[in-house]
Protein chains: 2
Amino acid sequence: MFERVVICGVGLIGGSFSLALKKAGLAGTVVGVGRHPETLQTAMSLGLIDEIAADWSAALAGASLVLLAMPVGQMASVMAAMAPHLGPDTLVTDAGSTKADVFEAVYTHLNHRLQNVVPAHPIAGAEKSGPAAAFAGLFSGKRVVVTPLPENSDESVRRVEEAWAACGAIVGRMSSMDHDRVFAAVSHLPHLLAFGLVHDIQGRDNAEQLFSFAASGFRDFTRIAGSHPEMWRDICLSNRQALLAELDAYLTELAYLRALLMQGDGNALETLFGQASSARNAWAEKYLK
Amino acid sequence: MFERVVICGVGLIGGSFSLALKKAGLAGTVVGVGRHPETLQTAMSLGLIDEIAADWSAALAGASLVLLAMPVGQMASVMAAMAPHLGPDTLVTDAGSTKADVFEAVYTHLNHRLQNVVPAHPIAGAEKSGPAAAFAGLFSGKRVVVTPLPENSDESVRRVEEAWAACGAIVGRMSSMDHDRVFAAVSHLPHLLAFGLVHDIQGRDNAEQLFSFAASGFRDFTRIAGSHPEMWRDICLSNRQALLAELDAYLTELAYLRALLMQGDGNALETLFGQASSARNAWAEKYLK
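Note that this is a predicted model, so its numbers are computed, not measured.

About the thresholds
- In every chain, residue numbers begin from 1 and rise along the written sequence.
- Naming scheme: in the order in which they are written, chains are lettered from A and ligands are numbered from 1.
- pLDDT decides what is reported in this predicted model: residues at 70 or higher carry local features, side-chain atom pairs at 80 or more are listed and counted, and totals for whole chains, interfaces and linings draw on all residues regardless.
- The side-chain numbers reported here are obtained from all heavy atoms of the structure, hydrogens and water having been left aside.
- To superpose the copies, least squares is applied to the C-alpha atoms of every residue with a pLDDT of at least 70 in both.
- By the convention used here, residues are in contact when the closest approach between their heavy atoms is within 4.5 Å.
- An automatic or database domain assignment is the source of the domain bounds shown.
- Here the buried area means the combined drop in accessible surface, using a 1.4 Å probe, for two parts upon being joined, counting both sides.
- Salt bridge criterion: a side-chain nitrogen from Lys or Arg within 4 Å of a carboxyl oxygen from Asp or Glu.
- Identification of polar contacts relies on pairs of N or O atoms within 3.5 Å, with a donor-acceptor requirement for protein atoms, meaning one able to donate a hydrogen and the other able to accept it, and with residues adjacent in sequence counted only if both atoms are side-chain atoms.
- Helical segments are the DSSP runs of H or I of at least four residues, strand segments are the runs of E of at least two, and each set is numbered from the N terminus.
- Classes in brief: Ala, Val, Leu, Ile, Met, Phe, Trp, Tyr, Cys and Pro nonpolar; Asp, Glu, Lys and Arg charged; the others, Gly included, polar.
- Axis lines are fitted to C-alpha atoms, over the contacting stretch for helices. Their N-to-C directions set the angle, which ranges from 0 to 180 degrees.
- Here is the rule for angles: anything less than 35 degrees is roughly parallel, anything more than 145 is roughly antiparallel, 65 through 115 is roughly perpendicular, and the remaining ranges are oblique.
- In this scheme, a crossing is called left-handed if the near helix is turned counterclockwise away from the far one by less than a right angle; it is called right-handed if the turn is clockwise.

Another point: the relation of the copies chain B and chain A. Each copy of the sequence occupies a distinct position, and chain B is placed on chain A by a rotation of 180° and an axial shift of 0.0 Å, giving an RMSD of 0.1 Å. Such a combination of turn and shift is consistent with a two-fold rotation axis. The position closest to the rotation axis in chain B is occupied by the C-alpha of Phe221 of chain B, lying 2.0 Å away. Most of the interface of chain B is mirrored in chain A, where 100% of its interface residues again form contacts.

Now the structure itself:
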């Protein structure tokens, strides 16, 4: 049971965390903090939070658990602002999509509380963002990767894992470096590629004609290009090293594909497409049931 | 009314065309032709066709309408085989995803029947292929691009357009060159990119780990990587000129994105992501209702 839960950034993720914890009977009062007063008012009126905190001092007084659910670019400044008011018994977790930068911000600003700050990443999202998109079942059956600091106490890690598990998530652990490499490959690069494709097309003279013939393949391939620009700017910048490594590996792949096209090498193209198709279908068989 | 409809390649597209024409009351007898006897037997048992033709001579005797629905790589050899048996009153259309190569095959092999050969491309597909995937509603509300030859008679174009419209499709016209450029951008390139991403990942030592953390963004981005390898080999080869131009434009886009990442230019990244996101969401608003 977390008597006083503080959520910084009451959007899709923060709002859904609150609803899920309340539904599980684990949250007492939920307090919202954020940049935008109107978002907090909306969150109140939707029942996502019970109180709006005037400042970090008021928010953190007696807090049991803090969730940081803002875009990752704000982690450092938010941690700096909360640091003087963070008590020794308050647990902190986050929902940032990258972890190296969260670690850096924690060591810079919260180094007096390393025992209780347990970074995490819920692998859940939706096309829509903001408090109106929040729902209690967002994390149900989804993975949450917890990336503990070496300084975390076992008890803190256990309680943070319990909070995410109470939201219905499947909780696992990983190092922050493994986390950032894995998600650069299977999430951050695909987002970059989808943004790039739509940006390429929308800037052309015949963009309207092109869009008018786009069908279901385009629809699915580009769905993630509709994602939140600021959030993805922050993810790309904060995981830029791993993302550049993935982008370069992909550029090598495209150079190979380009050579096969130039040479008209149908056998090699069919082999490559066949390997990709088999792997994609095996993945779907295993994970989309 | 088409008394005798011949379908070469009774898979998803050919089988659905037959079912849709029958449902509209426009097809008399539907005759199947193809490489694989077992596929034709399946198509018969599913009620997609009424007869299996022993050869092109038998198939085309008295034929009103022929649909060529094989992978585009087979267009030339199929047209060569049917040419001696194709009567002066038989209409021909096709469902090939690329058109320049179909034009070339028509001018090479069917140049005695140019009045009646009206190439087309139904913008409809599904993850599954083969006769078992066929259904009468496949073309309902989908676009069919008709790319007439200059030599076509108005009457032939009108009748082919009527056949596709009877399947529920929204029929429009385009030149073959415009067609191939448009679909290189909004369909062929995304397929190549999705195949490339999955191929890149599946060949790695930690492929299993990567796949295990892939979520809904990866699911949608890579759905088209599960497509038919032979069909996509043929499309890539036959539309290779336009596809290479699109790939090169995209590589320029990725080089720009790479430079922004290297420089850590958050403003420019956010602007680009914002333009892509707005365009994608406007597209969805307009076309996914």
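Residues and elements named next belong to chain A. Taken as a whole, chain A is organised into domain 1 (2-174) and domain 2 (178-287). Taking only C-alpha atoms into account, the centre of domain 1 sits 31 Å from that of domain 2. Tallying the contact residues gives 17 residues for domain 1 and 14 residues for domain 2. A buried area of about 1,200 Å², summed over both sides, lies between domain 1 and domain 2, and 65% of it is on carbon and sulfur atoms.

Turning our attention to the interface of chain B and chain A. Interfaces are often sized by the accessible area lost when the parts come together. The interface is formed by 82 residues belonging to chain B together with 82 residues belonging to chain A. At the boundary of chain B with chain A, total buried surface from both sides reaches about 7,900 Å², with 68% on carbon and sulfur atoms. Here chain B and chain A share ten salt bridges between them. Arg233 of chain B is the partner of Glu270 of chain A in a salt bridge, and the nearest nitrogen-oxygen pair spans 2.6 Å. At the boundary of chain B with chain A, the tally comes to 35 residue pairs in polar contact (both at pLDDT 80 or more). Looking at the side of chain B that touches chain A, the elements that each hand over two or more residues are β8 (143-146), α7 (176-202), α8 (207-212), α9 (216-221), α10 (229-238), α11 (240-263) and α12 (266-287) of chain B. It is α7 of chain B that contributes the most residues to the side of chain B that touches chain A, 17 residues altogether. Broken down by class, the residue content of the side of chain B that touches chain A amounts to 47 nonpolar, 17 polar and 18 charged.

Turning our eyes to something else, we now look at the pattern of salt bridges. The tally for this structure, following the rule as stated, stands at 34 salt bridges over all chains. Arg173 of chain B is the partner of Glu161 of chain B in a salt bridge, and the nearest nitrogen-oxygen pair spans 2.6 Å. Here Glu161 of chain B, found in helix α6 (residues 154-166), pairs with Arg173 of chain B, found in strand β9 (residues 170-173); they are twelve residues apart in sequence, far enough to count as distant. Put simply, Arg35, Glu230, Arg233 and Asp234 of chain A together with Glu270 of chain B are held in one network by salt bridges that share partners.

To continue, consider the packing of helix α12 (residues 266-287) of chain A against α10 of chain B. The geometry of α12 of chain A relative to α10 of chain B is characterised by a closest axis approach of 8 Å and an angle of 135° between their N-to-C directions. One finds that α12 of chain A runs oblique with respect to α10 of chain B. Handedness of the crossing formed by α12 of chain A with α10 of chain B: right-handed. Contacts from Gly266, Leu269, Glu270, Phe273, Gly274 and Ser277 of chain A in α12 of chain A reach Pro229, Glu230, Trp232, Arg233, Cys236 and Leu237 of chain B in α10 of chain B.

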